[in-house]
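# Structural description and commentary
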Amino acid sequence: MFKKLLMMVALVAGVCVHAQAPAPEANTKKDEATTSMVQLVKLRRQLLQANAEAVADKSNDSNYELHGAYLHITNGVMTTDDTPNANKAEYDEYNYIVENGVRKVKFPDLIGKQIDLASVTGVIHSHQVGDWQLTASRIKEMWDSTGIMGFFEKDAPEKAGRVPALPESHHSTALPFGVSQLIMIVVCLVLIYLAIGKGFEPLLLLPIGFGGLLANIPFAGVTAAPVMDTMGNMVEPGGFLYYTFEMGISTGLFPILIFMGVGAMTDFGPLIANPRMALLGAAAQLGIFTALIGALVLTICFDGINFFVTDAASIGIIGGADGPTAIWLTTKLAPDLLGSIAVAAYSYMALVPVIQPPIMKLLTTKKERQIKMKQLREVTKIEKILFPIIVLLLCAALLPSAAPLIGALMLGNLAKECGAVDRLSDTMANGLCNIVTILLGLSVGSKLAAEKFLNFETLGILVLGVVAFAVGTAGGLWMAKLMNLFSKEKVNPLIGSAGVSAVPMAARVANKVGLEEDPSNFLLMHAMGPNVSGVIGSAVVAGVLYFCCK
């Protein structure tokens, strides 16, 4: 037994030794790669040492300093950034130091130094082959990179010491950058409180608020773009919210996927049963054009506000009370205003139970609020299946620019109503919609940057948003009252307020106010007609504005 055990141990040991023994060819390649890396490190140290001596030489007028430079290795030849015939301006982004907030471009007096490295090809950043001195200096600078010090910054880090780019379209905050970030963190905490403590659109306000927290943490870099060298190689990857935003918001993908989920959760039966309710949804879009005109008026009247037509169109869509539509249009026309517009749109959607009832009671009489409507007819399955197809074909024929939103909405609804793809409709309405909601909220929150939010333009957007919402509510009420002048079957004006597309909250509010006047007057299903037509209406208006302003 003991002999068998010894034989097994010997066999295992032999296998291990054989596995660890590299082939002669592999050994050669490994030695070449090791030698090349050693040469690389030695070269870098020589360059830094020579450069330091040149800077220290007071008799030399040169004060060039190598900072974050690149070592280019092409066809076995390594050079510094300052190769002959190189355009130095291309390297300004990476070869500079900042002293006391002033940017100083530095280039080493090392032009033309070359070493053959036959087995290496590529571009290697200096800090990737750094030595202990560089690491030690970074440790000393660690305190300056803490969030506490970040709140004392006067300028945004990416702007400090750099040559200014093109003038910005919108004014930045006059407050110091660090203070602005601190204020925005408080604003984001308020959004999180409203989501958790008050239940105001928690599914979106919570990720939006948390995304804003991440975006305003000093030096965190979660929204930073990737750093690329002049040869197109990535030096440093971007923050994860940068990629999320670029993938889902800049492309318009997330709002479209949200619409797909909304379609899978929406019942268009009340609208099909009573098609004239579409007029109420159309009338509620009055708020969009009111806010659009208001934004242009503010630009004329106030020097601190600068809204272009594209900005005004994006602000106006807040009046539709449709968050995904507002995001989709804003990313197309006014991406700089995305944070303010998205927060305004979702905040007012969450405040439907607060904003709408006073307007509803102000513009209607008690007698009108007590109007009872007859029960809706039963809608057949074939009608529900044909409805999304017909709507999409009409959209394709009349307004192709609205096809992305309308198409996604109708695809989700068709999957729900046909009964043949329950797994797909369930995924659209639940799993997919929930995942996209999280990513959408974080991406929108990443745009709650201090310099983009704390200014007079944001205040103007918030004011115009609530005005648009109020006018949209009033538009639906007025249209219902107008319809009663020409119709034998009276319409309770309260359901007109549901023409804004805050589904299904606006319909529930209309039903609640109706029950307060008459406990036996149930308006929920009647209000769902204008409510879902408002979703279609806001998407159509967004398509019109995009076509006219792009």
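Reading guide: rules and limits
- Residues numbered from 1 in each chain as written.
- Predicted model: local features only at pLDDT ≥ 70, side-chain atom pairs only at ≥ 80, totals over all residues.
- Heavy atoms only, no water.
- Helix = DSSP H or I, 4+ residues; strand = E, 2+ residues; numbered from the N terminus.
- Polar contact = N/O pair within 3.5 Å; in protein donor to acceptor, adjacent residues only side chain to side chain.
- Patch = residues over 30% accessible without salt bridge, like charges linked within 9 Å, V, L, I, M, F, W, Y side chains within 5 Å.
- Areas by Shrake-Rupley, 256 points an atom, 1.4 Å probe, with all protein chains shown as cover.
- Salt bridge = Lys/Arg side-chain N within 4 Å of Asp/Glu carboxyl O.
- pLDDT = per-residue confidence, 0-100.
- Contact = heavy atoms within 4.5 Å.
- Buried < 20%, exposed > 50% of the residue type's maximum accessible area, 1.4 Å probe, protein only.
- Expected span 1.5 Å × (residues − 1).
- Axes fitted to C-alpha atoms, helices over the stretch in contact; angles between N-to-C directions.
- Left-handed = near helix turned anticlockwise from the far one by under 90°.
- Nonpolar A, V, L, I, M, F, W, Y, C, P; charged D, E, K, R; others polar.
- Bend = angle between axes of the 7 residues up to and from the residue.

Looking now at the side chain of Asp311. If you trace the backbone, Asp311 turns up in helix α12 (residues 309-316). Within the structure, Asp311 has its side chain in polar contact with the backbone nitrogen of Phe308 (distance 2.9 Å).

Moving on: a nonpolar patch on the surface. Together, Ile382, Leu386, Ile389, Ile390, Leu393, Leu394 and Leu398 line one region of the surface with nonpolar side chains, adding up to about 700 Å² of accessible area. Counting through the fold element by element, Ile382 comes out in helix α17 (residues 381-398).

Low-pLDDT stretches of the model should not have their predicted coordinates read in fine detail. Overall, the predicted model of the protein reaches an average pLDDT of 76, with 68% of residues at or above 70. Note on residues 1-37: pLDDT under 50 across the span, and six contacts to partners over four residues away in sequence or across chains. This model gives residues 60-71 a pLDDT under 50, and the stretch forms 50 contacts once residues within four places in sequence are excluded.

Let us now look at the pattern of salt bridges. One pass over the structure, following the stated rule, counts nine salt bridges. For Lys481, the salt bridge goes to Glu368, with nearest N and O atoms at 2.8 Å. Within this pair, whereas Lys481 is found in helix α21 (residues 456-486), its partner Glu368 is found in helix α16 (residues 366-369), the two being separated by 113 residues in sequence. For Lys481, a relative accessible area of 24% corresponds to the partly exposed category. Glu368 sits in the buried class, given a relative accessible area of 18%.

Take helix α22 (residues 505-517) next. Look at α22: 19 Å from first C-alpha to last across 13 residues, which is about the 18 Å you get at 1.5 Å a residue. Looking at α22, one finds that the buried residues are Ala506, Ala507, Val509, Ala510, Asn511, Val513, Gly514 and Glu517. Where α22 is buried, its residues touch α15 (352-363), α16 and α23 (524-549).

Our next topic: the packing of helix α6 (residues 202-215) against helix α14 (residues 338-350). Two numbers describe how α6 lies on α14: the axes approach to 10 Å, and their chain directions differ by 145°. Viewed along their axes, α6 and α14 form a crossing whose handedness is left-handed. Residue-level inspection shows Leu204, Leu205 and Ile208 of α6 in contact with α14, the latter providing Val343, Tyr346, Ser347 and Ala350. Among the residues making up the contact of α6 with α14, the classes are represented as six nonpolar, one polar and no charged.

So, on to helix α19 (residues 422-445). Under the 1.5 Å per step criterion, the end-to-end length of α19 is 33 Å for 24 residues, consistent within 8% with the ideal 34 Å. Considering bend angle alone, the principal kink of α19 is centred on Met428 and spans about 45°. Contacts made by the buried residues of α19 are with α6, α7 (240-248), α8 (253-265), α13 (323-333), α14 and α18 (403-418).

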